[in-house]
Amino acid sequence: MFTDETLDALGVESLWRKSQQFAQESRGCQTRPVHTAEAEIQPLLNADNGTQTDPQDHLIYQLPPKGELRPESPGLRDFLHRVEDMVVKELASNAKSHAFDGFDVNWEDQNETVSCIHCLQHPSAQEKGLQVTSISWSCTGSVIACAFGRVDDGDWSTEKSCVCTWNLDRRGLNPKRPDMVIDVARPVMSLSFHPSQPSLIAGGLYSGEVVVWDTNRTQDLILAQTGMSTDTHREPVYQRSEQVCFQVAWVPGPRRGEMVVLSAGSGGRVLLWTVDSDEGRLVLSAGFALIRQQVPHNSALSKNRGSSNVGVTSLALSPWDLDTFLVGSESGLVLKCSFSAQTLAAAPPDGESVTLRAPAQFSFSPRGGPVHSLHCSPFHRNLFVSVGTDGLAHLHSLLQPDPLLSLRVSDSYVFGVRWSPTRPLLFAAATGQGLVQIFDLGRKSLRPAATLDQLTGGQPVYCLEFNPRRKDLLAVGNADGSVNIWHLSTELTEQGPRETAKLEQLANEVAE
Amino acid sequence: VTVLIHHCILYKKAEVEETLKRIQGQKGVQGIIIVNAEGIPIKTTLDNSSTVQYAGLIHQLVMKARSTVRDIDPQNDLTFLRVRSKKNEIMIAPDKDYFLIVIQNPSD
């Protein structure tokens, strides 16, 4: 009668409660795949450095907090009050005093005389009649390198020549036997030691090639060379002559600490080469071409026919402005040029791998003949001196075309000029008569302060260089194949008290 | 009261500058440096790097000169120091709290 039963559950839906769910939309997004890359670096050199600021009361320059005047250092006013009268009295009497007139102190041994301490020769080069075309001191000042070649040969020379180095600080110095002789297939016209690595020498050859030697190597000293590619100083084949490379120099490269080789030649090209020591090549990185029509203010020389290239015979870098360089040409032009010039050169492309630019910005008054040497003053940013075949030395300011001063150096050609590295008013010039004339601009007379006779029997002196470290040494290269090292007197090397001021005065004179 | 103190400070500051100007105006004066007792420059007419160089070196020199004078005679003391060189002369007026350094080129 009674049984168990289970009933289904009963559900009652709510009438008033609605579903709370509204319309729903879903969206999703995702960024594009993220690019990742992994790279590892390892520094080769480590350096640790720490800094710490000084505690507040030790700071030298304290800016006063805004809106409040800090009190002066306590007692400063009273201190100045106490000492002012005494100091002013001393200053005034010092300005009038003659007590120290002519008073000189000898801290070092005075050297009264100028003497030739070494006469370096390479007998086998001298036998062949080779001349010293260029000399260069290493950056340490102990090694002198000289290049042999010929300056007076008109035509293409296939003569073998050499580059010799002597280390003057070595005990067993034999002036007749160089420490190192590098044989070169062509005459070398220009030589330049690397400014910070004492073993690298750059040389410019008669054939237009540029070579860099590394004297640290035992075999095959050539570190890099240009080779006979179309990039070297080479005029088109139909002209049948090659450009002579007259000047090489090391200039700072685009990357910090890197130096590139600059070469300038008779074809009017100024080229910059990067040293690729792995491949042993000099790679052309930039080039400039000097074309007569692109030289500013060039009315005087437009009468010349012939090649439109401006052959470069000398070049000078400015130690003050790394962008400026000066160029002297075969026709007597002296030009101020810039490494950052952007104008393209109007030269027909010769297969070079870089576009050539025209660097000339300013033209100084032209000389009567080829400009053999230029040098910028290490003591004044605007001054430079130039010499050429007219026998005169012109002192120029970079700011005006006419020279400030014109000195007669010799009756014949002048081949080299260099400013003294220690005396602002002194420069030395090498003449075609075998003399080195040293001029002191502080003297009233325009005659040379000293004359060094190279005893070459009247043969010319082609080059001269002051030692960058030892201020009393001057090296002179002669046409008879010898290099003389001169020891200068104290008078020619010690800077006088007012020399920089006098140089400044000279530079500011306007030429009449 | 605050206003009065500010005026005094201004007056003091102007006096210091006036004094320095008077000294600077003497013939041949190239630069003036005032150094405090610890050798730290507090006023200068030269550029930063020269100032720091002069201050450090001259402070040591003055200390040495003073001890030399007092070692010779303990009752004596340094009043003035002049260093004459080829190119110029450095005059130093020492004191308890400050040194006054004046660089003069007498032939200018």
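Residues numbered from 1 in each chain as written. Chains lettered and ligands numbered in written order. Predicted model: local features only at pLDDT ≥ 70, side-chain atom pairs only at ≥ 80, totals over all residues. Heavy atoms only, no water.

Structural notes on the overall build of chain A
Item 1. When helices and strands are counted, chain A shows 4 helices and 29 strands.
Item 2. The buried share of chain A, reckoned over its 512 residues, is 48%.
Item 3. Considering only contacts in chain A between residues 6 or more positions apart, those separated by 24 or more positions represent 52%.
Item 4. Only carbon and sulfur atoms are counted for the fraction: they give 50% of the accessible area of chain A, which is about 29,100 Å². (Helix = DSSP H or I, 4+ residues; strand = E, 2+ residues; numbered from the N terminus. Buried < 20%, exposed > 50% of the residue type's maximum accessible area, 1.4 Å probe, protein only. Contact = heavy atoms within 4.5 Å. Areas by Shrake-Rupley, 256 points an atom, 1.4 Å probe, with all protein chains shown as cover.)

Focus on the UniProt feature "domain: Roadblock/LAMTOR2" (unreviewed entry) in chain B
Item 1. In this structure's numbering, the residues bearing the UniProt feature "domain: Roadblock/LAMTOR2" (unreviewed entry) are residues 16-104 of chain B.
Item 2. Regarding residues 16-104 of chain B, the helix share stands at 38% and the strand share at 33%, and the terminal C-alpha atoms are separated by 20 Å. (UniProt positions renumbered as here; feature names shortened; annotations may be inferred.)

A short note on the sheet that holds strand β27 (residues 461-466) of chain A
All names here are of chain A.
Item 1. Spatially, β1-β29-β28-β27 is the arrangement adopted by the 4 strands of the open sheet, whose pairing is antiparallel. What marks the edges here is a single partner per strand, and that holds for β1 (115-121) and β27. On average, each strand axis in the sheet is inclined to that of its neighbour by 20 degrees, with strand direction left out of account.
Item 2. Sheet analysis places β1 next to strand β29 (residues 482-487), joined by 6 bridges and oriented antiparallel. The residue bridging Gln121 from the neighbouring strand is Ser482, located in β29. (Pairing = 2+ DSSP bridges. Axes fitted to C-alpha atoms, helices over the stretch in contact; angles between N-to-C directions.)

Here's the deal with the packing of aromatic side chains
Residue and element names in this part refer to chain A.
Item 1. All told, the structure shown has 11 aromatic pairs over all chains when counted by the stated rule.
Item 2. Summarising the aromatic geometry, the rings of Phe427 and Phe439 are spaced 5.5 Å apart at their centres and angled 25 degrees between planes, so their arrangement reads as stacked. Within this pair, whereas Phe427 is found in strand β24 (residues 426-431), its partner Phe439 is found in strand β25 (residues 435-440), the two being separated by 12 residues in sequence.
Item 3. When its relative accessible area of 1% is taken as the criterion, Phe427 is described as buried. (Phe/Tyr/Trp six-rings, centres within 6.5 Å; stacked < 30°, edge-to-face > 60°.)

Remarks on helix α1 (residues 76-96) of chain A
Residues and elements named next belong to chain A.
Item 1. Compared with an ideal rise of 1.5 Å per residue, which puts 21 residues at 30 Å, α1 spans 29 Å between its outermost C-alpha atoms and is within 8% of the ideal.
Item 2. Largest kink in α1: about 40 degrees, centred on Val83.
Item 3. Among the residues of α1, Leu76, Phe79, Leu80, Val83, Glu84, Val87, Leu91, Asn94 and Ala95 are the ones counted as buried. (Expected span 1.5 Å × (residues − 1). Bend = angle between axes of the 7 residues up to and from the residue.)

A short note on the pattern of salt bridges
Item 1. Throughout the structure, instances matching the rule amount to 21 salt bridges over all chains.
Item 2. One salt bridge in this structure joins B:Lys86 and A:Glu494, with 3.1 Å as the shortest N-O distance. Taken together, the residues span two chains, with B:Lys86 in the loop between β3 (81-84) and β4 (89-94) and A:Glu494 in the loop between α3 (490-493) and α4 (499-508).
Item 3. A salt bridge links B:Arg82 to B:Glu89, with the shortest nitrogen-to-oxygen separation between them at 2.5 Å. (Salt bridge = Lys/Arg side-chain N within 4 Å of Asp/Glu carboxyl O.)

Structural notes on the side chain of A:Thr493
Residues and elements named next belong to chain A.
Item 1. Among the structural elements, Thr493 can be located in helix α3.
Item 2. Taking relative accessible area as the criterion, Thr493 reaches 5% and is therefore assigned buried.
Item 3. Separated by 3.3 Å, the side chain of Thr493 and the backbone oxygen of Ser489 make a polar contact. (Polar contact = N/O pair within 3.5 Å; in protein donor to acceptor, adjacent residues only side chain to side chain.)

Quick word on the UniProt feature "repeat: WD" (unreviewed entry) in chain A
Item 1. Look at the UniProt record and you will see "repeat: WD" (unreviewed entry) annotated at residues 461-490 of chain A.
Item 2. With 3% helix and 60% strand, residues 461-490 of chain A has end C-alpha atoms that lie 24 Å from one another.

Considerations on the nonpolar core
Item 1. Counting 22 residues, the largest nonpolar core has A:Ile135, A:Ile144, A:Cys146, A:Phe148 and A:Ile485 as its most contacted members.
Item 2. Elements with a contribution of two residues or more to this core: β2 (131-137), β3 (143-149), β4 (161-167), β27, β28 (473-478) and β29 of chain A. (Core = buried A, V, L, I, M, F, W, Y, C linked by side-chain atoms within 4.5 Å.)

Focus: the interface of chain B and chain A
Item 1. Across the boundary between the two partners, chain B contributes 37 residues, which contact 30 residues of chain A.
Item 2. Between chain B and chain A, roughly 3,300 Å² of surface is buried when both sides are summed, and carbon and sulfur atoms account for 64% of that area.
Item 3. Between the two partners, chain B and chain A, sit 5 salt bridges.
Item 4. B:Glu15 serves as the salt-bridge partner of A:Arg77, at 2.9 Å between the closest nitrogen and oxygen.
Item 5. On inspection of chain B and its partner chain A, the count reaches 11 residue pairs in polar contact (both at pLDDT 80 or more).
Item 6. Residue contributions to the side of chain B that touches chain A peak at 11 residues, all from helix α1 (residues 2-24) of chain B. (Buried area = accessible area lost by both parts, 1.4 Å probe.)

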